[in-house]
Amino acid sequence: MAEDSRGDNHSPGDRAGGVPPNDDPGTSIDSTAYETIFNAVEDAVFIFDVTHDDAEVTFRFRANNQAHESITGMTTEDYRGQTPQDLFDDEQAADVLDEYRTCVERKETIEYEETLEHPSGTIEWQTKLTPITEDGTVTRIVGIARDITDRKERERELERYRDVLGKAQTIANIGAWEADLRREESWTTEQINEIYGLPPDEEIGIGEGIDYFHPDDRPIIEEAFERAVETGEPYDLELRVEGEDGERRWVRAQADPYLEDGEAVRIRGTFQDITERKERERELERSRRRLQALFEQAPDAIFIHNERGEILDVNTQAVESLGYDYEKLCSMEVTDIEVTHREELDETWQGMDTGEMVKKEGMQRRKDESTFPVDVWVTKLELPEGIRYLALARDTSERKQYEQQLKEQRDNLQLLNEVVRHDIRNDLTVVKGYAELLADHVDEDAETELTTVQQKAEEAIELTKTARDLANVMLQSEAEKQQMSLSHALENQVEETRTGDSVSIVTIDGSIPDVSVRADNMLDAVFRNLLQNAIQHNDKDVPRVAVTAEETDTSVRVRIADNGPGVPDSRKDEIFARGEKGLESAGSGLGLYLVKTLVDRYGGDVWVEDAEPEGAVFVVELPIAD
């Protein structure tokens, strides 16, 4: 680093660091030569004077050469005499002083790297400090510094690249390798060793990795590697590897030979663990086969068509139900088989969102021009190849026929119900009335027969009520339940039973809880039939029926006990079945079946227990309305 000589009486040798002149005049270098060398050096050169004051050492900037001035923006005139503390911030100045003091203390050349802030900006240096001594004391330090800013940036960039590459290899399970065919040397990354199940630092020779391939795949990789060596042909294969750790993996093996004069001298390649991808592919293939089987074996006809209504695929059931072969159906449009206006179909398709399913009722036309009703479920799908519609069509011919039969049966039942409710019951009421009129006109021998006529007429009238109730239950769909007063329904039926039967004794023990249950207007029929059952199936001269009710936190339980013959254990579960009769009973068995049907509808339960000392107890449990 050249020092400006203006105002300086030292020789060039002094300015260059105080190097003593050569005693041989033939080989000595004058000051001009020193000046030339100082400024011609491409590296940055600078000089600091060193002064000693007892233990205190001071460093002052003396001079720099043109290269140093160009790089840093520092001129000798502007910065001469300044200390490191003047030139740099506190932290950088402290680091500089540490190095300068080390050089002075050791009295030998030292080298280090540093980053300093100069007028021109931040510069990274590779610096060499050389001490100049006089009488054993360091009086100057000559510094030679090389700007390594670009090199450091390249090193950092390379390190970033290596770090990113390493992370990418780890994330993607990719390893790299290289084989130098001339030197017979190879190199692999840790990921290669990991795939082979080997320690990270274990070396793999050229071709040795082939031994880890599955026996069935080994000939494939051997042939590919040989072609790469002999002809320079690259390869890209998916093969199985059986690692040293016993794990079987799928890998994607790629290689690209490097040729010189037509000869492969080096091969570079990658190894990627694709086991998870292969597992997903296999699972997708299994799912595809399962879906294909479901598609083909589905009992309903399935159609796939585009937005124009062009049929793209159908299953076996569609072929069978319509009578066309597969190829013909896939050349047709939806309107060829749907007995529906195109405008209506377009409106349905255009109004659908992706993933939405719409159900429609329609008619389809077979190849022989016959038609049949269908329920169709259409789903709009967005696939890579475009918008598709998946339509599942279910032949509803049998269901429609059944619905028609059911309607006819309901109509017939409704007619029968009206006959029972009006004609038969009215006639029975007339019979009962005339029997009562005859009571005063028959002799004593005929009284028993007349009583029987009256009793049977009354029972027949009650049977018409039960038949009416049962028909109402069968004719109506699920009735909407509402809050019904338990005490009102139960007390009314007890009073009607007392009025209609002068022989039996029906009592209410205790009070009926003032609660409401979730039921409908058929609740009265539950208690009427249980009370009639307790009387009609009683073998005593005076039937006795006791009614009690108790409330729990969530339900109310009604008990109807009689003094009749009771119900054997073998029949307690089946007594509520349709058509079952009590012991020695001439009844129809419909009453208890109706009770069970209604109680189930209300979300409750009904069962029979033994009474003490004799008789049966019918228990009805109903949920209390919220």
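Numbers given for residues are sequential positions, taken from 1 along each chain in its written order. The predicted origin of the model limits local features to residues at a pLDDT of at least 70 and limits the giving and counting of side-chain atom pairs to 80 or more, whereas totals for whole chains, interfaces and linings rest on all residues. Derived side-chain values reflect all non-hydrogen atoms in the structure, with water molecules and hydrogen atoms excluded from consideration.

Asker: Teacher, can you tell me more about the confidence of the model for the chain here?
Answerer: Where the model shows low pLDDT, its predicted coordinates should not be examined in detail. Per-residue confidence for the chain averages 84 on the pLDDT scale, and 85% of its residues sit at or above 70. The quantity called pLDDT is the predictor's confidence in a given residue, expressed from 0 to 100. Per the convention used, a helix needs a DSSP run of H or I reaching at least four residues, while a strand needs a run of E reaching at least two, with both numbered from the N terminus. Mean pLDDT across the secondary structure elements of the chain bottoms out at helix H1 (residues 12-15), with 39, and peaks at strand S22 (residues 616-623), with 96. Any two residues whose heavy atoms approach within 4.5 Å are treated as being in contact. This stretch, residues 1-29, has a pLDDT under 50; its non-local contacts, to residues over four places away or in other chains, come to 56 contacts. Here residues 581-588 is a poorly scored stretch, pLDDT under 50, and it has 12 contacts once near neighbours within four places are set aside; other chains count.

Asker: Explanation requested: the environment of Glu 276 in the structure shown.
Answerer: Here Glu 276 lies in helix H10 (residues 275-297). Separated by 26 residues in sequence, Glu 276 and Trp 250 place their C-alpha atoms 8.3 Å apart.

Asker: Would you mind going over the pattern of salt bridges with me for this structure?
Answerer: Each salt bridge in this description consists of a side-chain nitrogen of Lys or Arg and a carboxyl oxygen of Asp or Glu lying within 4 Å of one another. Taken as a whole and judged by the stated rule, the model has 44 salt bridges. For Asp 273, the salt bridge goes to Arg 249, with nearest N and O atoms at 3.8 Å. Note that Asp 273 is positioned in strand S10 (residues 263-273) and Arg 249 in strand S9 (residues 248-260), a separation of 24 residues in sequence. The pair formed by Asp 273 and Arg 249 is uniform in burial state, with each residue classed as buried. The salt bridge partner of Arg 399 is Asp 375, with a shortest N-O separation of 2.6 Å. Each residue gets one of three labels from its accessible area relative to the maximum for its type: buried under 20%, exposed over 50%, partly exposed in between, using a 1.4 Å probe on protein chains only.

Asker: Please explain the packing of aromatic side chains as it appears in this structure.
Answerer: Here a ring pair, both rings aromatic, is described through the centre-centre distance and the interplanar angle of the planes. Two rings from Phe, Tyr or Trp (for Trp, the six-membered ring) form a pair when their centres are within 6.5 Å of each other. A pair whose planes differ by under 30 degrees is stacked, one over 60 is edge-to-face, and the rest are tilted. This structure, assessed with the given rule, holds 10 aromatic pairs. Pairwise contacts between aromatic rings join Phe 46, Phe 48, Phe 59, Phe 61 and Tyr 100 into one cluster. The rule is short: NZ of Lys or CZ of Arg within 6 Å of the ring centre and within 35 degrees of the ring normal puts a charge over the ring. The ring of Trp 250 carries Lys 278 above its face, with NZ or CZ at 4.5 Å from the centroid.

Asker: What exactly am I supposed to notice about a negative patch on the surface here?
Answerer: Where like charges cluster on the molecular surface, the negative patch consists of Glu 190, Glu 194, Asp 201, Glu 202, Glu 203, Glu 208, Asp 211, Glu 222, Glu 226, Glu 230 and Glu 244. Contributing elements (two or more residues each) for the negative patch: helix H8 (190-196) and helix H9 (218-231). The biggest single contributor to the negative patch is H9, with 3 residues. For Glu 190, a relative accessible area of 52% puts it in the exposed group. Patch membership is restricted to residues that have no salt bridge and whose relative accessible area is over 30%. Joining uses 9 Å for like charges and 5 Å for the nonpolar side chains Val, Leu, Ile, Met, Phe, Trp and Tyr. Only the protein chains shown count as cover for residues, with accessible areas throughout obtained via the Shrake-Rupley method and a probe of 1.4 Å. In this charge count, Lys and Arg are treated as positive and Asp and Glu as negative; neither His nor the chain ends contribute. Lysine's charge is taken at NZ, arginine's at CZ, aspartate's at CG and glutamate's at CD.

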